[in-house]
Each structure stands twice: as structure tokens, then as C-alpha cells.
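Coordinates in review
Each chain is listed here by its residues.
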Amino acid sequence: MRETHLIMGMPIEIEVVGDTSQPAIEDAFAYLAAVDERFSTYKDTSEIAAINSGSATAVEASEEMQEVFALAEKTRNETRGFFNICRPDGRLDPSGIVKGWAVLNAARRIAAAGHAHFFINAGGDVATSGKNARGEDWVVGVRNPFNPEEVVKRICPQGKGVATSGSYLRGAHIYNPHNSSQLLDEMVSITIIGPDVLEADRYATAAFAMGREGVFFIESLPGFEAYAIDRRGVATMTSGFEEYTKTCQC
Amino acid sequence: MKKVFVSLLLIALIVAYVWYQTFVVSVPRESENAAATTAPLVPTPASSPVVPAAVGRYRDGVYVGDAVDAFYGIVQVQVTVSGGALTAIALLRVPDDRERTIAISNSSLPILKQEAIKAQSAQVDIVSGATQTSEGFIASLASALGQARR
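Structural notes, computed from the coordinates. (Residues numbered from 1 in each chain as written. Chains lettered and ligands numbered in written order. Predicted model: local features only at pLDDT ≥ 70, side-chain atom pairs only at ≥ 80, totals over all residues.)

Some thoughts on the overall build of chain B
When you go through chain B residue by residue, the secondary structure sums to four helices and six strands. Along its sequence from the N terminus, chain B presents helices and strands in the succession α-α-β-β-β-β-α-β-β-α. Contacts in chain B between residues far apart in sequence, at least 24 positions, make up 45% of those at least 6 positions apart. (Helix = DSSP H or I, 4+ residues; strand = E, 2+ residues; numbered from the N terminus. Contact = placed C-beta atoms within 7 Å.)

As C-alpha cells, this is what we get:
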């Protein structure tokens, strides 16, 4: 059973293997929609909008909001400030971390409902568990940044999280917090494999903001791999990346 | 009439954007500090201008890039273009000719494998790519056209 909903301004796809999974899928989508209601900077009624407009304070924020702020702060420290939810205009935009966090939580809900074989893909942030409907490893394709119809790499994440950050379709939605006028057009996308989808997502955002340095930053992190594509169509990969392209039983 | 004009303008913009993505995006552009920080890992663009603006594609051939002083050694690459596409990159010179240099280049910036991307079989369960939204597309279009005007 596979379903796609449009939440957080992007298609979110969930498949749970087996035909008794409808409640688990519906629960996961309802959870993701609730997260969107709270964290969307595009919705005037969201908690983050209230904080940004000054009608609510960050100190009195909900538990979820506090958790996301804490995660954002942790990521900022771990990435030498390259991940930062403070926009140049002083507003807070936690969307760079909310997606991965929400997908991880949704995956935990599906697992808690007793399902071992499923995936969630929220705009390129992918959590997988178990095997696909054919009993094989899940295969994640890295989209060609120059042709969305094409896949340029096949990854078997073996339960690890996968996330892609890039500028090719959203414009420069990620910028260098240390120099907000710098255009990050040298690199067009970076795909990260990490311990889980949240870890992959937060490091994907930070590594992309680092430009050419990003893939070397990931190389220095144990438990993470990266595949970075530049504007000439040349990919640079971390030394352990190919382990995830060779082990596919497919 | 105004609607027709706006529609035509939008179509023209999209065509220009697609043209830009197809023909201009792959043009190598030298980053000012590339030599200092990333040159050994990032093939430098060939020394001759490989893309005549009017044609917009790479010309077939083998191009040797400038030898670039990467602070701890000289880096030089060679690229092969066939069928208008980048098909191979060879590292002609890398800073590993002295023991001291090897130690520095290994500890500070590891040599990572590179490849020209190419389409794979579409047999995948899931696709990971950057987020796409319509508002983002328009922003991207505007920024791309801004660069194309230069």
C-alpha cells in the first residue's frame, strides 16, 4: 500500500508493505500534517509564525518546538555554524530540520504499530525499514539535478537514512549563513547517507551550505557518506559511499 | 490581450530557463579561491574557452587544464569531451611527489573519487532529490535568468 499526500508544500510518499497497513499510513500522514500546522512559516496560524510575529515567545514554545530548536542549536554547533535557522531578516525558519525530524518520528510511529517493512519519502528525505514488497532491499535513486526524470545513482541504504539537499529546483533556498550574499551555485546537490533520516537531513542542509567543502566535511564524520554533484555534472563521493551502491541485492 | 502577453512572456522565460539549464549550466567557471582550497580534488576547467557562446555546448576533444598551485603542490587535470558531453577526467598532476606533501594532502584534504554523472536504470523504489515546489521553481527561474543576463 503506497500513498502520496501533499504536505509541507511537497509530495510525501509512504509505503507500508502488506495490505493491513492503511491505519498506520493514515496515522503517519495525520502526524505530518499536524507538524506542518505547527512549523510552517507559510501559515499565519502556525506556532512558528506566532513566534516570528512576536505574538508568542520562543521561551513559552511547545515541547515539540523546544525540541526542534534544541536540535537546530546542536546542529549549528556541530557544523561550525553552517546550519542556522536564523534567517538574515532575524526570523526563525526551522524547516531545514523539521522535515527530517518529522519523517523520523512518523517512521517510529509506523514501526510502533507493528510494521517492519516500509518507507517514507518527504521531498527527498528518505527513511526505510526492512524490505520492499518483493522481499528485496529498498533501492533509493539519486535524482539527476539536471533532469528530474533521471536517476544517476542507486543506493541501498540498508536501514540508514538518506537525504538530498540542493538548489536546483527551489532556487537558492539554502545559503551560506556566514555570507548570505554568496551564491551556492557551484554545487547543485548533495545526497547524504546517515545513521537515520534526521541525521542525514540536518547534515545534508549544512554540507550543502558549505559548497565544495561539504563533501569533505561529511568524509570527516564517522557513520556518514555523501554524493555531491556540481554544476558541471561531476560527482564527488566520500570514500565509503560505494559500499551502499554495491551491496544492493537487486 | 494582456493575458496573452503575460502567457507568452512566461513561456519565453521558461524556454530561456530550459535553454540556460541545458546549455549554460555546464559551462565551467573558475572560482576565485579554487586554487587555494579545493584544486587537488576539483578538476580545473580547461584553459581554452571550451564553450562558444553561440553554440553553448562543449566541443569534442581532450583538454588539459592549467597547472594550478594548490599551496601544497601543483594540480593539473585533463578532460575528455565526446558527443558534446564530459566523459572523462584524469588527474595529470597531484601533490603527492614528496613525502611531506603526501602527509599534508592526506591529512587535510583526502582525495575523493569523482565521476561524471550518468543515467542509471530507473528500477528504484524511491527517488531522493532536492525539494520541489512551484514557488521555488519561479524563484529559481528568476535567479537563473539573472545570471544568464551577465
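Some details on the overall build of chain A
When helices and strands are tallied, chain A shows seven helices and ten strands. For chain A, the residues scored as buried account for 48% of the 250 residues in total. In chain A, of all internal contacts separated by at least 6 residues, the share reaching a separation of at least 24 is 55%. (Buried ≥ 20, exposed ≤ 12 C-beta atoms within 10 Å, placed from the backbone.)

A look at the packing of helix 1 (residues 22-39) of chain A against helix 4 (residues 95-112) of chain A
Residues and elements named next belong to chain A. Running from N to C, helix 1 and helix 4 point in directions that differ by 155°, and their axes come no closer than 9 Å. Between helix 1 and helix 4, the angle falls in the class roughly antiparallel. In this structure, the crossing between helix 1 and helix 4 has a hand that is right-handed. For the pair helix 1 and helix 4, the contacting residues are A24, D27, A28, Y31, L32, V35 and F39 in the first and S95, V98, A102, N105, A106, R109 and I110 in the second. (Axes fitted to C-alpha atoms, helices over the stretch in contact; angles between N-to-C directions. Parallel < 35°, antiparallel > 145°, perpendicular 65-115°, else oblique. Left-handed = near helix turned anticlockwise from the far one by under 90°.)

Some words on the sheet that holds strand 5 (residues 140-144) of chain A
Across the sheet, which stays open at both edges, the three strands sit in the order 6(A)-5(A)-6(B) with mixed pairing between neighbours. Here the strands that pair on one side only, and so sit at the sheet edges, are strand 6 (147-155) of chain A together with strand 6 (126-128) of chain B. Here the strands of the sheet are splayed against their neighbours by 45° on average, with no regard to which way each runs. In terms of strand pairing, strand 5 of chain A meets strand 6 of chain A through five bridges, oriented antiparallel. The partner of G141 of chain A across the bridge, within strand 6 of chain A, is R154 of chain A. (Pairing = 2+ DSSP bridges.)

Digging into helix 5 (residues 197-209) of chain A
Residue and element names in this part refer to chain A. Here helix 5 spans 18 Å end to end across 13 residues, near enough to the 18 Å set by a 1.5 Å rise per residue. Across the 13 residues of helix 5, 13 count as buried, placing the element largely inside the fold. Where helix 5 terminates, the next one or two residues include G211, which has phi positive at roughly 65°. (Expected span 1.5 Å × (residues − 1).)

Here we look at the environment of A116 of chain A
Residues and elements named next belong to chain A. With respect to the helices and strands, A116 occurs in the loop between helix 4 and strand 3 (118-122). Under the C-beta neighbour-count criterion, A116 is labelled exposed, with 12 such atoms within 10 Å. When the C-alpha positions of A116 and V16 are compared, they lie 8.5 Å apart, and in sequence the two are 100 residues distant. Not counting residues within four places of it along the chain, the set of residues in contact with A116 comprises S129 and G130.

Considering the pairing of strand 3 of chain A
Two faces, one strand: in a regular strand the side chains alternate between the faces of the sheet. Residues and elements named next belong to chain A. Of all five residues that make up strand 3, five are buried, and the element is covered over most of its length. Here strand 3 shows two buried faces, one formed by F118, I120 and A122 and the other by F119 and N121. When strand 3 meets strand 4 (residues 125-129), the two strands line up antiparallel, connected through five bridges. In the strand pairing of strand 4, I120 is matched with A127. Between strand 3 and strand 4, which pair antiparallel one after the other, the connecting turn spans two residues, and G123 there sits at a positive phi close to 50°.

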